[in-house]
Structure formats: structure tokens, C-alpha cells
Amino acid sequence: MGKSLSQYRIDLPPDEIPDHWYNILADLPEPLPPPQDPDNGRRLELLKRVIPSEPLRLESSTERFIKMPEEVRERYLQVGRPTPLIRARRFEEYLNAPVKIYLKMEGYTYTGSHKVNSALAWVYYALKDGANLVTTETGAGQWGAAVALAAALFKVKAHVFMVRASYNAKPLRRFQMQMYGAEVHASPSELTEFGRKLLRENPNHPGSLGVAITEAAEYALSNNGKYVVGSVINTDIMFKTIAGLEAKKQLELIGEDPDVMIGVVGGGSNWAGAFYPFMGDELRSGKVRRRYIAVGASEVPKVTRGVYKYDDPDTGRVLPQLKMYTIGSDFIPPPIYAGGLRYHAVAPTLSYLMNKGYVEGRDYDQDTVFKMAQVFAQVEGYIPAPETAHTLPIIKEIADEAKRTGESKVILVSFSGHGLLDLGNFADVLGFGKTQ
Ligand SMILES: *Cc1c(COP(=O)(O)O)cnc(C)c1O
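Residues numbered from 1 in each chain as written. Predicted model: local features only at pLDDT ≥ 70, side-chain atom pairs only at ≥ 80, totals over all residues. Heavy atoms only, no water.

> Which residues make up helix H13 (residues 269–285), and what values do they have?
The end-to-end C-alpha separation of H13 is 24 Å, in line with the 24 Å expected for 17 residues at 1.5 Å each. At Tyr-276, H13 shows its largest bend, some 50°, and a proline, Pro-277, comes one to four positions later. The buried fraction of H13 is high, at 14 of 17 residues. (Helix = DSSP H or I, 4+ residues; strand = E, 2+ residues; numbered from the N terminus. Expected span 1.5 Å × (residues − 1). Bend = angle between axes of the 7 residues up to and from the residue. Buried < 20%, exposed > 50% of the residue type's maximum accessible area, 1.4 Å probe, protein only.)

> Any chance you could break down the site of the ligand for me, citing the residues and the numbers?
By nearness alone, 18 residues border the ligand, and Lys-115, Ser-231, Gly-266, Ser-269 and Asn-270 come closest of all. Here Ser-416 contributes a side-chain N or O atom positioned 2.8 Å from a nitrogen atom of the ligand. For the ligand, the accessible surface in isolation is 380 Å², of which the surrounding protein chains cover 97%. In terms of residue class, the shell around the ligand is built from three nonpolar, 13 polar and two charged. The two domains that each donate at least three residues to the shell around the ligand are domain 1 (3–18 + 80–113 + 237–430) and domain 2 (20–69 + 115–234). (Near = heavy atom within 4 Å. Polar contact = N/O pair within 3.5 Å; in protein donor to acceptor, adjacent residues only side chain to side chain. Areas by Shrake-Rupley, 256 points an atom, 1.4 Å probe, with all protein chains shown as cover. Nonpolar A, V, L, I, M, F, W, Y, C, P; charged D, E, K, R; others polar. Domains from an automatic or database assignment.)

> Can you explain the domain arrangement of the protein? Please cite residues and give values.
Per the domain assignment, the segments making up the protein are domain 1 (3–18 + 80–113 + 237–430) and domain 2 (20–69 + 115–234). When each unit is reduced to the centre of its C-alpha atoms, the spacing between domain 1 and domain 2 is 22 Å. With 53 residues of domain 1 at the interface, the matching set in domain 2 holds 55 residues. When domain 1 packs against domain 2, the two sides together hide about 4,700 Å² of surface, and 64% of this comes from carbon and sulfur. When the area that domain 1 buries against domain 2 is broken down by residue, the three leading residues are Thr-111, Met-238 and Phe-239, summing to 18%. Our enumeration of links across domain 1 and domain 2 arrives at five salt bridges. Close ionic contact of Arg-43 with Asp-312 constitutes a salt bridge, the shortest N to O distance being 2.6 Å. Counting residues per element, the ones that place at least two in the side of domain 1 that touches domain 2 are helix H11 (234–240), helix H12 (242–253), H13, strand E12 (307–311), strand E13 (322–326) and helix H15 (348–355). The leading source of residues in the side of domain 1 that touches domain 2 is H13, at six residues. Residue composition of the side of domain 1 that touches domain 2, by class: 27 nonpolar, 15 polar and 11 charged. (Contact = heavy atoms within 4.5 Å. Buried area = accessible area lost by both parts, 1.4 Å probe. Salt bridge = Lys/Arg side-chain N within 4 Å of Asp/Glu carboxyl O.)

> Let's hear about the pairing of strand E7 (residues 157–163): which residues, and what values?
Within E7, six of the seven residues are buried, which leaves it mostly tucked inside the rest of the structure. Examined bridge by bridge, strand E6 (residues 133–138) and E7 share six bridges and lie parallel to one another. Within the sheet, the bridge partner assigned to Thr-135 lies in E7 and is His-159. (Pairing = 2+ DSSP bridges.)

> Residues and numbers for empty space enclosed by the protein, please.
One pass over the full model with this rule turns up one cavity of 30 Å³ or more. Taken as a whole, the largest cavity encloses approximately 40 Å³ of empty space. The wall of the largest cavity is formed by Tyr-22, Asn-23, Ile-24, Leu-25, Asn-234, Ile-237, Met-238, Thr-241, Tyr-276 and Thr-349. With three residues, the single largest contributor to the lining of the largest cavity is H11. (1 Å grid on protein atoms, 1.4 Å probe; cavity = no way out; pocket = protein on both sides within 12 Å on 5 of 7 lines; lining within 4 Å. Points joined across faces, edges and corners; volume = space filled by probe spheres on them.)

> Go over the nonpolar core, please, and point to the residues and values.
Counting residues in hydrophobic clusters, the biggest one holds 60 residues, and the most contacted among them are Trp-21, Leu-120 and Val-134. Both domain 1 (3–18 + 80–113 + 237–430) and domain 2 (20–69 + 115–234) contribute no fewer than three residues apiece to this core. When sequence neighbours within four positions are dropped, the list of residues in contact with Leu-120 reads Val-72, Arg-75, Tyr-76, Val-79, Ala-150, Leu-153 and Phe-154. By size, the runner-up hydrophobic cluster in this structure holds 37 residues, among which are Ile-86, Leu-103, Met-105 and Val-264. (Core = buried A, V, L, I, M, F, W, Y, C linked by side-chain atoms within 4.5 Å.)

> If you had to explain the packing of aromatic side chains to someone new, which residues and values would you point to?
Taken as a whole, this structure holds 18 aromatic pairs when the rule is applied. Ring geometry for Trp-271 and Phe-275: centres 5.1 Å apart, planes at 85°, overall edge-to-face. In this pair, Trp-271 and Phe-275 both sit in helix H13, four residues apart, roughly one turn of the helix. For Trp-271, a relative accessible area of 0% translates into the label buried. The exposure class of Phe-275 is buried, given its relative accessible area of 0%. (Phe/Tyr/Trp six-rings, centres within 6.5 Å; stacked < 30°, edge-to-face > 60°.)

Now the structure itself:
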């Protein structure tokens, strides 16, 4: 008899999908610094009008567990949850070190990333408020695709404002959204006052996430819709904890307890979603003993060189300011392919935990990351998203250290998405030659 294969791929049966989300605010040692409004309450007022009411209420809730509506739970099943936990043993073999690497495979969902974990909840709550239209922004397109899918499943209309530069560069993501019936607008657009103003100033405005956020909020307000938020804020992160709650059950099934947690940070939602359920236990026990590592892109060095202060979450400056690690809301990120990592700041809860010294920051440049992604694809057979691939260099460093010291490590990785719609980007950086 060979070794049981069930230690290499850990699946949960459908009934084991968690029936609540986890809220880290219940377990922080002190209250999170609150949002600030430099415009005398106008920004907070806008937020109240434009996002669905239950997520707004949950944003400052300190309830530890939030009951999941059955309509959402059932759709989690539909879109590919529970996702498997997979041991990357060929990659372990390649690293040749005493490490066990477990990947929480969020790329197994229908849109190919963790984003659908919160999109379903947001759209459900918008519908509960009586809205039949939701709006949002998208950069690389993964969040937009998740909202488009969620809107289709709840029979709500979705309008997605896609950063013009990505709209032109990533037609496949746009087609994915259109396949689900969403309206996709290149931002800045002619549909909003803010967009029209920017286009008058510069007809070739490339757009930015900040601009798209402002447009999406304005469009929702003037069309009786609700605006939904794909990262950064507490509620979105809470919705994403379904991944970490599943991973906890999966690790318990095989009796593993990870020493090191690794994930990438755009706004911080896949990271927090995967690891807050674990970190919450440690915070409650009064001792954080695991290593938690947040990885970013060196081209957007907020986790290594950001400053912890109040800053705007959007360039349009319509949303309340949050205390976060930031490199400035005016920072124009270089056009790296890991679009999901181009955001200028880190979620307030994760920033707080970084500031307390519970989370280390690391970053890696695109060339290093893409070369490792190719190695990984060849040994494991799985093509990670450019964002997700940023976890690979630090895994190798930890493996090398384990080899040196002889001390074995169990690593849990938030494997946020697959890269099948990003192959053009890999081709470009790795030099596969022109497609036409
Ligand atoms: C959006 C995205 C990210 C970054 O966003 P977070 O909110 O930090 O999770 C990371 N990986 C993938 C695949 C993404 O789509």
C-alpha cells in the first residue's frame, strides 16, 4: 500500500461550507482607528447612501461571527467552493528542503480568484436593499468579473467601470464580464460628470482605480444602484474569511498546524480572508507565535516602504480617509502585470497588525516573480496569477533557510488565483515571442 493520497489534496464536502464569516474586529487588542472625514461628514454621508446597508452596518461591528445568509452559502457551492487545499509536493521536491507547503486554491472558483467570495455577499445585500443595479470599479478585471458573475446569479444588472488602460490591454477579462451580462465601461467614461470632466481635460486619459471608484459611486447614486467594494474595508475582508475558515477545517482534518503564513497584498483581502481566522485564535490567546508574511510588488512598495497614516482610499477623494500603510493615493504605479497589486495602500486592519509587529512585509520585482512562476508551472502543473506568483520567492527563501538550519516548517499559502487569462503577460515578460 502506498501512502494515502488524501494527505496531498484535502477536500471538504459541500455541507462543510462555513455558515458564518469571521470578524477580526472582535479580537483586536484595541479599537481600530476610525475613518476620518476631512470634508465635514460629506464623504461618510456619501458612503452611507451608496453602499448596501447591511455591509455598512457590519463595517464597525465587533461581533465575532456573522451568520451567512443561506442564499449566499448555496451560491458559494455553485461557484466552486469549498476550494481544495493542495500540498505542493513537486514544488517541495524542487526546493529540496524540509518544508510542507499547503496551498489554499482560490483559483478553483469559476472566475479564477478569491474575489467571488465577497462579490456574492455584496450583491446579495444590494438586492436585499431593493437595488436592481450594482456598480463597481475594476483594474485588472478579476473583481469586475466576480461582481459580474454574482450579479448574474442574483439577476441584478452590473455596471463595471474598468480602468481604460486595462480595458484596452485586457479584452479577455472584459469578454468574461460581458459573457455574464455586465455592462463594461472604459473609465474615464462619458457616463458620469467626473468622467466627462477628465475627458475634456485629456481625451486620452488612461484612467486609474481611483478614478474608476469615483465614477462607479457617482453612477450608482444617480441610477438608484448600490456601489460594491472589492477589498480594503472590514466588511469585504470579513466576507473573504470563508477561505480561511475552510482552510482551518482542512488542516484540522490532517492534523497540521502551520508555522508560516504567506499571501500577497493588493488591498489585503485575500491575505486577511485566508489568515484572520488563524490569527484571531492567536490574538485571543494573547500570543502570536506563527510567522505571518505579507508580500507585495517592489514596483508598488507599500508593505515595505509605506507610511502608517491617514490617507485617501481613492484618488477622487470621495471616500472617507483610513489609517493605513500607504505610499500615497497620488502614487502612479508602474504598469506591472500584477494589476491586483497596484493599489497604493494596505487594509486598515492588516496595517494595524503590521504596525504591531505581527506581520512582516516583503516585496519582489516582476522579473524574479515571473521566472519563478514558470518554474512552478513546470513542476506543479498549475499556472498561478501574476499576483499570486509573488508568494513564490519568499517560499523559496524559507525553504532555503529550513535546509540550512535543518528545522522543518509547515507553510500555508493563500493561492489567490490562476493565470490562464494572464498568459499574454507571461509571454511578454518571459519572451515567448509575438502572438501575431
Ligand atoms: C485582486 C487580486 C489580488 C489582490 O487583492 P487583495 O484584495 O489584496 O486580495 C491578489 N491576487 C489575485 C489573483 C487577485 O485577483
